[in-house]
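Chain and residue survey
Next come the chains, spelled out residue by residue.
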Amino acid sequence: MKKILFVICLLFATSSASFAAAQAPAKPENVPPVKQQNFKKPAQRPSLDKVLNLTEEQKVKAKEIRMQGHKEIKPLIDELRSKQEQKRMLMQNKNASVKEVQKLEKINKEIVSLKKQIREIRIKNNKQFEEILTEEQKIKFNEMKKEGRKNFAKHHNHPYPVQKGCNKAQKSFPVQAK
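Reading the values: the criteria
Residues numbered from 1 in each chain as written. Predicted model: local features only at pLDDT ≥ 70, side-chain atom pairs only at ≥ 80, totals over all residues. Heavy atoms only, no water. Salt bridge = Lys/Arg side-chain N within 4 Å of Asp/Glu carboxyl O. Helix = DSSP H or I, 4+ residues; strand = E, 2+ residues; numbered from the N terminus. Buried < 20%, exposed > 50% of the residue type's maximum accessible area, 1.4 Å probe, protein only. pLDDT = per-residue confidence, 0-100. Contact = heavy atoms within 4.5 Å. Axes fitted to C-alpha atoms, helices over the stretch in contact; angles between N-to-C directions. Parallel < 35°, antiparallel > 145°, perpendicular 65-115°, else oblique. Left-handed = near helix turned anticlockwise from the far one by under 90°. Nonpolar A, V, L, I, M, F, W, Y, C, P; charged D, E, K, R; others polar. Core = buried A, V, L, I, M, F, W, Y, C linked by side-chain atoms within 4.5 Å. Phe/Tyr/Trp six-rings, centres within 6.5 Å; stacked < 30°, edge-to-face > 60°. Expected span 1.5 Å × (residues − 1). Bend = angle between axes of the 7 residues up to and from the residue.

Before going further, it helps to examine the pattern of salt bridges. Following the criterion strictly, the structure yields nine salt bridges and no others. For Glu85, the salt bridge identified is with Arg88, shortest N-O distance 3.1 Å. Residue Glu85 and its partner Arg88 are located together in helix H3 (residues 56-91), separated by three residues, close to a single helical turn.

Here it is, written out as structure tokens:
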């Protein structure tokens, strides 16, 4: 009887040990730890006020101009996003009726109008900002804008030249209504 009890305890101990080993993750021996890669953060551009060496008064005026522009543009951007979502929903229908195509044309015209309004406000704000700059700062600012355009063109290579006033949205109708 003692032998049977001893064998049962031995079987129980080995089965519980093998069960525990199966659940524990195996650690391979003599494997070096994984080396973490050092990802470099993109270089941050110095702020505009530091590059142009703005005075405290200019900084305050620039902030006011920025805040005013934000107040004017925010509702237009919200409306633009809404119109773009409506357009996406209409574009999902492959078998669009004439009314849906007309509605899509109307939405596209509204989108173009909203983008134009936003662009005009940004241009106005940019002119207001330039008015607070000295001649030396204006020269530096214009150089920065030229460099930015050059970098943009380098990284956003279009297969066709983008013309002023050209809008991709106008070319995206599934059906032309007459």
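Moving on, we come to unusual backbone geometry. Both trends apply: most residues other than glycine have a negative phi, and most peptide bonds are in trans. Of note in the backbone geometry, Asn53 takes a positive phi value of approximately 55° without being a glycine. Given the relative accessible area of 62%, Asn53 is considered exposed.

Before going further, it helps to spend a moment on the confidence of the model for the protein chain. Mean pLDDT over the protein chain stands at 78; residues scoring 70 or higher make up 63%. Per-residue pLDDT, averaged within each element of the protein chain, yields its smallest value for helix H1 (residues 2-23) (60) and its largest for H3 (94). Confidence over residues 166-178 falls short of pLDDT 50; this stretch has 21 contacts with residues more than four positions distant or in other chains.

As a further point, take the packing of H3 against helix H4 (residues 98-131). It is at 9 Å that the axes of H3 and H4 come closest, and there the two elements cross at 165°. The orientation of H3 with respect to H4, classified from their angle, is roughly antiparallel. Both H3 and H4 take part in a crossing whose hand is left-handed. Partitioned by chemical class, the residues of the contact of H3 with H4 number 15 nonpolar, seven polar and ten charged.

Okay, the nonpolar core next. Ranked by size, the top nonpolar core spans ten residues in total: Ile73, Leu76, Leu80, Leu90, Leu104, Ile107, Ile111, Leu114, Ile118 and Ile121. Take this core: its biggest share by element is six residues, from H4. Residues Leu54, Ile65, Ile132 and Phe141 belong to the second largest nonpolar core, which totals eight residues.

It is worth spelling out the packing of aromatic side chains at this point. The geometry of an aromatic ring pair is captured by the separation of the ring centres together with the interplanar angle, meaning the angle of the planes. As enumerated under the stated definition, the model contains one aromatic pair in all. Aromatic side chains Phe129 and Phe141 sit 5.3 Å apart centroid to centroid with 65° between the ring planes, which places their arrangement in the edge-to-face category. Residue Phe129 is found in helix H4, and its partner Phe141 is found in helix H5 (residues 135-155); the two are separated by twelve residues along the sequence. The burial state of Phe129 is the same as that of Phe141; both residues are buried.

What follows covers the packing of H4 against H5. Axes are the key here: two packed helices are described by the angle between their axes and the distance separating the axes. The interhelical angle for the contact between H4 and H5, taken along N-to-C directions, is 145°, at an axis separation of 10 Å. In this structure, H4 contributes Asn126, Phe129 and Glu130 to the contact, and H5 contributes Lys138, Phe141, Asn142 and Lys145. By residue class, the composition of the contact of H4 with H5 is two nonpolar, two polar and three charged.

For the rest of this paragraph, the subject is H3. Spanning 36 residues, H3 covers 50 Å between terminal C-alpha atoms, matching the ideal 52 Å at 1.5 Å per step. Maximum bend of H3: about 30°, positioned at Ile73, with proline Pro75 one to four residues after it. Looking at the buried residues of H3, the elements they touch are H4 and H5.

A few words on the environment of Leu133. Here Leu133 lies in the loop between H4 and H5. Owing to a relative accessible area of 6%, Leu133 belongs among the buried residues under this scheme. C-alpha separation for the pair Leu133 and Ala62, spaced 71 residues apart in sequence, amounts to 9.7 Å. Setting aside residues no more than four positions away along its own chain, Leu133 makes contact with Leu52, Leu54, Gln58, Lys138 and Phe141.

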